[in-house]
Amino acid sequence: PVTAQINSIEYNNPFACGGLGIIILHLSGAVHGNVYNIDFNSNGTTDFTGTVTNDSIIIAPVPNATSITNITITNTLTNCSAFSNQGGTITDPTNVQITNVGYVSPDTCGGLATLRIALTGATNGSNYNIDFENDGITNTSGTVLNDTIVLTGISPATVLTNLVITNTISNCRSSSTQ
């Protein structure tokens, strides 16, 4: 029988923290509709079973932190196997780090302050929900510009016991006790 070959492997990370990824095996010599047992790390264990469609097998969902050093696929009808050492890891999106939290005091008594949240790894234009006390309540939201979220109109009496920011798209969280 013809043995399928693994030409390449795509590792698609989740779009959200704690999400699930996708692995796509691009094959040659595979018959559309054939079913394969997929063994991550070639340890004799079937981790997934997939069906060939358009010379590919889509493996989903794949849990975050799945680390693969190699893959063996075995046709369930012919028992023919193919091996690839194209390893990879499914990981969460890169999370930003809060490097500094600072107030700019109001200019007048009873005025409102400005809060600056300095970040590393942030993307301009990304939006974050901001929880001042890590109590699960979004107090406000802000947009990143030059690795900083600037919030105006903040009461000087606002207490930041454990600031948490959450990306509105990826749901990745960062915290600071500053």
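In the block above lies the structure referred to throughout.
I will try to describe carefully the structure that is included in this document. (Residues numbered from 1 in each chain as written. Predicted model: local features only at pLDDT ≥ 70, side-chain atom pairs only at ≥ 80, totals over all residues. Heavy atoms only, no water.)

## Topic: the overall build of the protein chain
Part 1 of the reasoning: What the protein chain contains, in helices and strands, is zero helices and 16 strands.
Part 2 of the reasoning: On C-alpha atoms alone, the protein chain measures out to a radius of gyration of 24 Å, which is more than a quarter above the 16 Å that the 2.2 N^0.38 rule sets for 178 residues.
Part 3 of the reasoning: Along the three orthogonal principal directions, the C-alpha set of the protein chain runs to about 85 × 25 × 25 Å.
Part 4 of the reasoning: Looking at the protein chain residue by residue over its 178 residues, the buried ones come to 38%.
Part 5 of the reasoning: Across the protein chain, every contact between residues at least 6 apart in sequence was considered, and the portion connecting residues at least 24 apart equals 55%.
Part 6 of the reasoning: When the accessible surface of the protein chain is summed, it comes to about 9500 Å², and 49% of that surface belongs to carbon and sulfur atoms. (Helix = DSSP H or I, 4+ residues; strand = E, 2+ residues; numbered from the N terminus. Rg over C-alpha atoms; globule rule 2.2 N^0.38 Å. Buried < 20%, exposed > 50% of the residue type's maximum accessible area, 1.4 Å probe, protein only. Contact = heavy atoms within 4.5 Å. Areas by Shrake-Rupley, 256 points an atom, 1.4 Å probe, with all protein chains shown as cover.)

## Quick look at the pairing of strand E2 (residues 20–28)
Part 1 of the reasoning: Direction of pairing for strand E1 (residues 5–12) relative to E2: antiparallel, over a ladder of seven bridges. Bridge pairing in E2 places Ser8 opposite His26.
Part 2 of the reasoning: Here E2 runs beside strand E5 (residues 56–63); their pairing, made up of six bridges, is antiparallel. Paired with Gly21 across the strands is Val62, a residue of E5. (Pairing = 2+ DSSP bridges.)

## A short note on the sheet that holds strand E8 (residues 81–84)
Part 1 of the reasoning: Reading across the sheet, the four strands line up as E4-E3-E7-E8 and stay open at both edges, with antiparallel pairing between neighbours. Looking at the sheet topology across the chains shown, the edges are occupied by strand E4 (48–51) and E8. For this sheet the average axis-to-axis angle between neighbouring strands, irrespective of direction, equals 25°. (Axes fitted to C-alpha atoms, helices over the stretch in contact; angles between N-to-C directions.)

## Quick notes on unusual backbone geometry
Part 1 of the reasoning: Here the amide bond leading from Ala60 into Pro61 is cis, since omega sits at -5°, within 30 degrees of zero.
Part 2 of the reasoning: Summarising the element assignment, Pro61 is placed in strand E5.
Part 3 of the reasoning: We note that Asn134 has phi near 50°; this positive angle belongs to a residue other than glycine.
Part 4 of the reasoning: By the element assignment, Asn134 lies in the loop between strand E12 (127–131) and strand E13 (140–145).
Part 5 of the reasoning: Located in the positive-phi region is Asn146, a residue other than glycine, with phi close to 55°.
Part 6 of the reasoning: Position of Asn146 relative to the elements: it lies in the loop between E13 and strand E14 (148–154).

## A look at the sheet that holds E1
Part 1 of the reasoning: With respect to topology, three strands assemble into an open sheet ordered E1-E2-E5, the strand pairing being antiparallel. On the outer flanks of this sheet lie E1 and E5, each paired with one strand and no other. Ignoring strand direction, the axes of neighbouring strands in this sheet form an average angle of 20°.

## Some remarks on the nonpolar core
Part 1 of the reasoning: Of all hydrophobic cores here, the largest spans 19 residues; its most connected members are Ile23, Leu25, Ile71 and Ile73.
Part 2 of the reasoning: Every element with two or more residues in this core is listed here: E1, E2, strand E3 (35–40), E5 and strand E7 (71–75).
Part 3 of the reasoning: When neighbours within four sequence positions are excluded, Ile23 is seen to be in contact with Ile9, Glu10, Tyr11, Phe40, Ile57, Ile58, Ile59, Val62, Ile68 and Ile90. (Core = buried A, V, L, I, M, F, W, Y, C linked by side-chain atoms within 4.5 Å.)

## Observations regarding the pairing of strand E11 (residues 113–120)
Part 1 of the reasoning: In this sheet, E11 lies alongside strand E10 (residues 97–104) in antiparallel orientation, the contact comprising seven bridges. Bridge assignment links Asn100 to a residue of E11, and that residue is Ala118.
Part 2 of the reasoning: Pairing of E11 with E14, which is carried by five bridges, proceeds in the antiparallel orientation. Looking at the pairing, Arg116 lines up with Val150 of E14.

## Observations concerning empty space enclosed by the protein
A probe matching the size of a water molecule, rolled over the atoms, marks out where space remains unfilled.
Part 1 of the reasoning: For the coordinates displayed, the defined rule picks out one cavity of 30 Å³ or more.
Part 2 of the reasoning: Considering the residues around the largest cavity, the lining is formed by Val2, Thr3, Ala4, Tyr36, Ile73, Asn75, Thr78, Cys80, Ser81 and Ala82.
Part 3 of the reasoning: Mapped by element, the contributors of at least two residues to the lining of the largest cavity are E7 and E8.
Part 4 of the reasoning: Taken together, the residues of the lining of the largest cavity sort by class into six nonpolar, four polar and no charged. (1 Å grid on protein atoms, 1.4 Å probe; cavity = no way out; pocket = protein on both sides within 12 Å on 5 of 7 lines; lining within 4 Å. Points joined across faces, edges and corners; volume = space filled by probe spheres on them. Nonpolar A, V, L, I, M, F, W, Y, C, P; charged D, E, K, R; others polar.)

Any functional reading would require information that these geometric values do not contain.
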